[in-house]
Amino acid sequence: MKDLTKGNETTQIIIFALPMLVGNVFQQFYNMVDSWVVGQFVGTTALAAVGASFPILFLMVALVMGFGMGSNVLIAQYYGAKDMKRVRAVIDTTYLVLFWMGIGLTVIGLLFAKPILVLLRVPADVMPQALTYLRIIFSGLLFTFGYNGVGAILRGLGDSMTPLYMLIAATLLNIILDLVSVLVLHMGVAGVAWATIIAQGASFIGSLIYLNRTHEFLKTDFLHLHFDKELFFLSLKIGLPSGIQQALVAMGMMFMTAVVNGFGSIVMAGFSAASRIDSFVGMPSMNISMALSTFVGQNLGAGKPERVKKGYRSALLIAMSITLVLMVVLLIFGKPLVSIFTSDQEVIAVGARYLRVIAPFYIAFTMMFITNGVIRGAGETIVPMISTLFAMWLVRVPSAVLFSSIWGEMGIWWAMPTGWLFGMIIAYSYYKTGRWKNKVVVKPSPAQTMPVDAE
């Protein structure tokens, strides 16, 4: 576990964010490898089917990940204040809540998979494979929630290396199982879906075993978990707005996907392939933002607000530098990148056009995420939720409907980054007011209720 309340701010953010970034690169390989395997060895409709499923799954996990954000903030702040008794209580409560939410969302997903796909206007030629893929992925949601829950706990404590190691191993397993299931067993999209579930299960179990064996005061007896009602509602207060924010994003993505689906399987497949590349470009900013939230939480919990401003500037400089490089790569190599997933020239052309349109707007995306990292780390999640509601539903979605009616599929691509611009303006304006400084949940205390593991 790492104490982020001492030392050089820039170095700490880089060291803490890098494992998360590498880990999320491997996390993206789950869907990316699925898309590559089905696109190259199954067909265009299979690629479209995998892509159609993504926003639905994102919606299902959004509220759960929001609760995980609340737990992460609480753990970071209690750990910064050296209150290990509260850290333990937050962990128990997190396990219980994520388990029951996972069960509930699995049942909902399995029952309503087909009606949701119909609502998203998935074409008839894509529907059977999309339904197969989606139902199998839903059946493994508990593994997804479990891994993300353990990851949030470890990151709140300053340990971002362990989730990385487990994820790398699981991703390699996923790649092997994808290839075997499609090329040897000829299972199609069902094979890549089962490969993903098995790999995520391995990642979760490995992380859990590590946590129980290496941190004595975190060792968990799952038959005797203690639910803390007060901490649950506190986590909910912090995390629910973030979860609602992500749910709004997911529902917005579903709406945008429905608009895309109306243009047929070629546009669906091109969007699916380009979105995989798109997700990679956004990851550095998202992970640096997560690292910054933990950094802010620990320093505010330790009573060191002066380090927060320095950390924000350092994180912004790092993220912007990476974004500019990736932006240039997208502009120059859009077509070759999309061709990784398919050899269909029509699909490649669609994906390349999408990447060229959105690439310059990643500057706004980066500014928005890094600024929100500070705000969330302080425990303020209402403002990011409001900014997302405004940017997604009052700007991006209406723009997509209007622009696509005028310019066709290109109108959708131009509508995509409009939300980032407005979200950036709202986040930065609130940051400049300084009101987020008053949202810290844990008051600094010199007391340490129990010893902390050495780094």
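Model, not experiment: these values are computed from the prediction.

Calculation notes
- Residues numbered from 1 in each chain as written.
- Predicted model: local features only at pLDDT ≥ 70, side-chain atom pairs only at ≥ 80, totals over all residues.
- Heavy atoms only, no water.
- Helix = DSSP H or I, 4+ residues; strand = E, 2+ residues; numbered from the N terminus.
- Buried < 20%, exposed > 50% of the residue type's maximum accessible area, 1.4 Å probe, protein only.
- Contact = heavy atoms within 4.5 Å.
- Areas by Shrake-Rupley, 256 points an atom, 1.4 Å probe, with all protein chains shown as cover.
- Phe/Tyr/Trp six-rings, centres within 6.5 Å; stacked < 30°, edge-to-face > 60°.
- Core = buried A, V, L, I, M, F, W, Y, C linked by side-chain atoms within 4.5 Å.
- Expected span 1.5 Å × (residues − 1).
- Polar contact = N/O pair within 3.5 Å; in protein donor to acceptor, adjacent residues only side chain to side chain.
- Axes fitted to C-alpha atoms, helices over the stretch in contact; angles between N-to-C directions.
- Left-handed = near helix turned anticlockwise from the far one by under 90°.
- Nonpolar A, V, L, I, M, F, W, Y, C, P; charged D, E, K, R; others polar.
- Salt bridge = Lys/Arg side-chain N within 4 Å of Asp/Glu carboxyl O.

### Some details on the overall build of the chain
Alright, step 1. If you tally the helices and strands in the chain, you get 15 helices and zero strands.
Alright, step 2. Reported as C-alpha extents along the three principal axes, the dimensions of the chain are approximately 65 × 45 × 35 Å.
Alright, step 3. Considering the chain as a whole, with its 455 residues, one finds that 60% of them fall into the buried category.
Alright, step 4. When contacts within the chain are restricted to residue pairs at least 6 apart in sequence, long-range pairs at least 24 apart make up 85% of them.
Alright, step 5. Total accessible area computed for the chain in this model is approximately 17,900 Å², and 70% of it derives from carbon and sulfur atoms.

### What about the packing of aromatic side chains?
Alright, step 1. If you walk through the whole model with that rule in mind, you get 17 aromatic pairs.
Alright, step 2. Aromatic side chains phenylalanine 255 and tryptophan 393 sit 6.2 Å apart centroid to centroid with 70° between the ring planes, which places their arrangement in the edge-to-face category. Taken together, the residues phenylalanine 255 in helix H8 (residues 229-261) and tryptophan 393 in helix H13 (residues 382-407) connect sequence positions 138 residues apart.
Alright, step 3. Residue phenylalanine 255 is classed as partly exposed on the basis of its relative accessible area, which comes to 32%.
Alright, step 4. Both rings, one in tyrosine 362 and one in phenylalanine 365, keep their centres 5.5 Å apart while their planes meet at 70°; by these two values the pair is edge-to-face. You can see tyrosine 362 and its partner phenylalanine 365 sitting in helix H12 (residues 362-377), three residues apart, about one turn around the helix. In this pair, the class of tyrosine 362 matches that of phenylalanine 365, namely buried.

### Observations regarding the nonpolar core
Alright, step 1. Formed by 82 residues in total, the largest nonpolar core has its most connected members in Ile56, Leu117, Phe138, Tyr354 and Trp413.
Alright, step 2. With 13 residues, helix H2 (residues 44-80) is the largest single contributor of residues to this core.
Alright, step 3. For tyrosine 354, the contacting residues outside a window of four places in its chain are Phe271, Ala274, Ser275, Asp278, Trp413 and Met416.
Alright, step 4. Counting residues in each nonpolar core, the second largest holds 26 residues, with Tyr79, Tyr147, Ile153 and Leu208 among its members.

### Observations regarding helix H11 (residues 345-358)
Alright, step 1. With 14 residues, H11 extends 20 Å from end C-alpha to end C-alpha; this agrees with the ideal 20 Å at 1.5 Å per step.
Alright, step 2. Taken as a whole, H11 has its buried residues at Val347, Ile348, Val350, Gly351, Ala352, Tyr354, Leu355, Val357 and Ile358.
Alright, step 3. Of the residues flanking the start of H11, the one acting as N-cap is aspartate 344, its side-chain oxygen 3.0 Å from the backbone nitrogen of glutamate 346.

### Things to note about the packing of H12 against helix H15 (residues 418-433)
Alright, step 1. One can describe the packing of H12 onto H15 by two numbers: an axis separation of 8 Å at closest approach and a directional angle of 35°. As H12 packs across H15, the resulting crossing turns out to be left-handed. Within the contact between the two elements, H12 uses Tyr362, Ala364, Phe365, Met367, Met368, Thr371, Asn372, Val374 and Ile375 and H15 uses Trp420, Leu421, Gly423, Met424, Ala427, Tyr428, Tyr430 and Tyr431.
Alright, step 2. Among the residues forming the contact of H12 with H15, the class breakdown is 14 nonpolar, three polar and no charged.

### Re the pattern of salt bridges
Alright, step 1. Across all of its chains, the model carries three salt bridges by this definition.
Alright, step 2. In this structure, glutamate 230 and arginine 86 form a salt bridge, with 3.9 Å as the shortest nitrogen-oxygen distance. With a gap of 144 residues between them, glutamate 230 in helix H8 and arginine 86 in helix H3 (residues 84-119) connect regions that are remote in the sequence.
Alright, step 3. Under the relative-accessibility criterion, glutamate 230 is labelled exposed at 52%.
Alright, step 4. Note on arginine 86: relative accessible area 26%, which makes it partly exposed.

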